[in-house]
Amino acid sequence: MSQYSEQVRHVCSLGALQSVLAIDRAVPILHAGPGCGQKLWGALGFQNGCQGSGYVGGHSVPCTNIGEKEVIFGGDDRLKEIVGNSLKIIDADLFVILTGCTSDIVGDDTGEVARRFQEQGKPVIYAETGGFKGTNLFGHELVVDAIIDQYLKPANTVEPGLINIWSVVPYQDPFWVGNLKEIESLIAQLGLTPNVIFGPGPEKGLEALGKVPKAQLNVLISPWVGLKNVQHLEEKFNTPYLHYPVLPIGPTETAKFLRTVGQNAGVEEKRIEKVIQKNEAEYYYYIERSADVLLETRLLPRRFITIADSFYALGISKFLINDLGLLPEKQYITDGVSEEYQDSITAQFKNFADGITADVVFNSDGGAIHEDIRKIKFRSRPLILGSAWDRVLSDEVNGYQLSVSMPVSDRLALNRSYVGYQGALRLVEDIYSIVLSDFQ
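Being a predicted model, the structure only gives us computed values, none of them experimental.

## A word on the overall build of the chain
When its secondary structure is counted, the chain shows 18 helices and 13 strands. A globule of 440 residues ought to have a C-alpha radius of gyration of about 22 Å, and the chain, at 22 Å, matches this closely. Each principal axis of the C-alpha atoms in the chain carries an extent, and together these give about 70 × 55 × 35 Å. Put simply, the chain has 440 residues, and 56% of those count as buried. Within the chain, residue pairs in contact and separated by at least 24 positions form 72% of the contacts whose partners lie at least 6 positions apart. Charge centroids of the chain, computed over 40 positive and 54 negative side chains, lie 3 Å from each other.

In structure tokens:
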């Protein structure tokens, strides 16, 4: 019997076009049917924190708009025409051809088209991202691998202290700009030189990409997305990697993160502890100041549910349990985690403070998740950290709801971050603002 999923929380692998747009002066060129790009941008860019289109995004993305003619006779000539015209009229330094379902199924030789332009010295690469292959998280990995194989050049030397940062997926995470900036700030406080590819800034984009092969260490902060990329970088450039599976939110996890990165990068323990002490002093100043409201009024929900991708489900759970003292109900992970990674993620949910554990459900079907939650008998009002899909459910179960994971269509995201010490303060602010607003 056929099945369908309701309330999707990611898109197809062609959605990786947004990862290209997150690299300054890089442009995606879609070899796909009409409508694919608009729908993907609508889901990831417009309806997810109102992130907008940016330079050559949204309706401006070059596309072959292939139809019946290209399906029958092949779309290589059409692709050559679009790439050639894009090189003439778009001011950019890297063009990434991304294939859709149709071009992958009919077997267009996109690689050969890209190589023809490369032979002319043009900065054109390609990734086969037909939507049937997987999610945009998988597509993101395909794009990064394409950059590694077709764009990056080996370095003659290793730059001590240079650390490549790989973490949240741009646009899938509506708070990716702020989160990456906060991770960059934390690494810099250790005396290291963070190298971040995605996002705005003079040292990002292609300049940062050029530094990737000469880094001392690749740091991946992610439960699973990007693991194959850093392994690929190790194979190709002999750069070791550190896989930190938890998005560090709050003092407990962020201190652990700083110690792990610092020790792997050769930073003196005295310096690491000084950074942690300074940040914790500021964090606890604000928490202690608000303790009257947080504790004495007893407004904070006692139990919480996350319905989110593995980045936020795990990172937020660690913070709410280990630092704020909340208790977990079931935690729902929605980013289509493959079976090879599920055991390691589940193990993280069995490793909270005071022996607390949480049941984990891997499911991308929002309808099934909601049916499961309706069966839970809550003794008090739950906190639900999910997406805009979960607002109606939250009303049904008399919960407090905050959208943190795609689609976040009910919030505007500019540079807000939920990572580190500052991000944890923002998360407390956002949760309590909802609780207090309801209390008025």
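## Side note on the side chain of Glu141
Relative to the helices and strands, Glu141 resides in helix α7 (residues 136-150). Of the side chains bearing the opposite charge, Lys228 lies closest to the buried Glu141, which forms no salt bridge; the N-O distance is 5.5 Å. With sequence-adjacent residues up to four places away left out, Glu141 is seen in contact with Trp224, Val225, Gly226, Leu227, Lys228 and Asn229.

## A few points about the nonpolar core
Core analysis: the largest hydrophobic core is formed by 115 residues, its most contacted members being Leu98, Val219, Phe257, Leu320, Phe349, Leu385 and Leu427. In this structure, Leu79, Val113, Phe117 and Val124 belong to the second largest nonpolar core, which totals 15 residues.

## Brief notes about the sheet that holds strand β2 (residues 94-99)
Spatially, the 3 strands line up as an open sheet ordered β1-β2-β3, and their pairing is parallel. Of all the strands in the sheet, just β1 (26-31) and β3 (124-127) have a single pairing partner and so form its edges. Between one strand axis and the next, the sheet turns through 25° on average, direction left out of account. Bridging between β1 and β2 involves 6 bridges; their strand directions are parallel. By the bridge assignment for β2, Val27 is matched with Phe95. Across the sheet, helix α6 (residues 110-119) is in contact with β1, β2 and β3; its angle to β3 comes to roughly 165°.

## A closer look at the UniProt feature "domain: Nitrogenase/oxidoreductase component" (unreviewed entry) in the chain
Sequence positions flagged by UniProt for "domain: Nitrogenase/oxidoreductase component" (unreviewed entry) are, in local numbering, residues 14-435. As a span, residues 14-435 carries 46% helix and 14% strand, and end to end its C-alpha atoms are 38 Å apart.

## Structural notes on the packing of α7 against helix α10 (residues 227-237)
For the pair α7 and α10, the least separation of the axes is 9 Å and the interaxial angle reads 10°. Judged on the interaxial angle alone, α10 and α7 are roughly parallel. Here Glu141, Val144, Asp145, Ile148 and Asp149 of α7 lie close against α10, whose contacting residues are Leu227, Lys228, Asn229, His232, Leu233, Lys236 and Phe237. Looking at side-chain class alone, the contact of α7 with α10 contains 5 nonpolar, 2 polar and 5 charged residues.

## A word on the sheet that holds strand β7 (residues 241-244)
Pairing is parallel in the open sheet, where 4 strands are placed in the order β5-β4-β6-β7. Two strands bound the open sheet, and with one partner strand each, they are β5 (193-196) and β7. Taken pair by pair, the neighbouring strands of this sheet meet at an average axis angle of 25°, ignoring direction. Pairing geometry for strand β6 (residues 215-221) and β7, over 4 bridges, is parallel. Bridging across to β7, Leu220 finds its partner in His243. Here helix α11 (residues 251-265) sits on the sheet in contact with β4 (159-166), β6 and β7, set at roughly 170° to β7.

## Details of the pairing of β4
Of all 8 residues in β4, 6 are buried, a share of seventy percent or more. Here β4 pairs with β6 via 5 bridges, running parallel. Note that in β6 the partner of Glu159 across the bridge is Ala215.

The rules behind the values
Residues numbered from 1 in each chain as written. Predicted model: local features only at pLDDT ≥ 70, side-chain atom pairs only at ≥ 80, totals over all residues. Heavy atoms only, no water. Helix = DSSP H or I, 4+ residues; strand = E, 2+ residues; numbered from the N terminus. Rg over C-alpha atoms; globule rule 2.2 N^0.38 Å. Buried < 20%, exposed > 50% of the residue type's maximum accessible area, 1.4 Å probe, protein only. Contact = heavy atoms within 4.5 Å. Lys, Arg positive; Asp, Glu negative; His and termini not counted. Charge placed at Lys NZ, Arg CZ, Asp CG, Glu CD. Salt bridge = Lys/Arg side-chain N within 4 Å of Asp/Glu carboxyl O. Core = buried A, V, L, I, M, F, W, Y, C linked by side-chain atoms within 4.5 Å. Pairing = 2+ DSSP bridges. Axes fitted to C-alpha atoms, helices over the stretch in contact; angles between N-to-C directions. UniProt positions renumbered as here; feature names shortened; annotations may be inferred. Parallel < 35°, antiparallel > 145°, perpendicular 65-115°, else oblique. Nonpolar A, V, L, I, M, F, W, Y, C, P; charged D, E, K, R; others polar.

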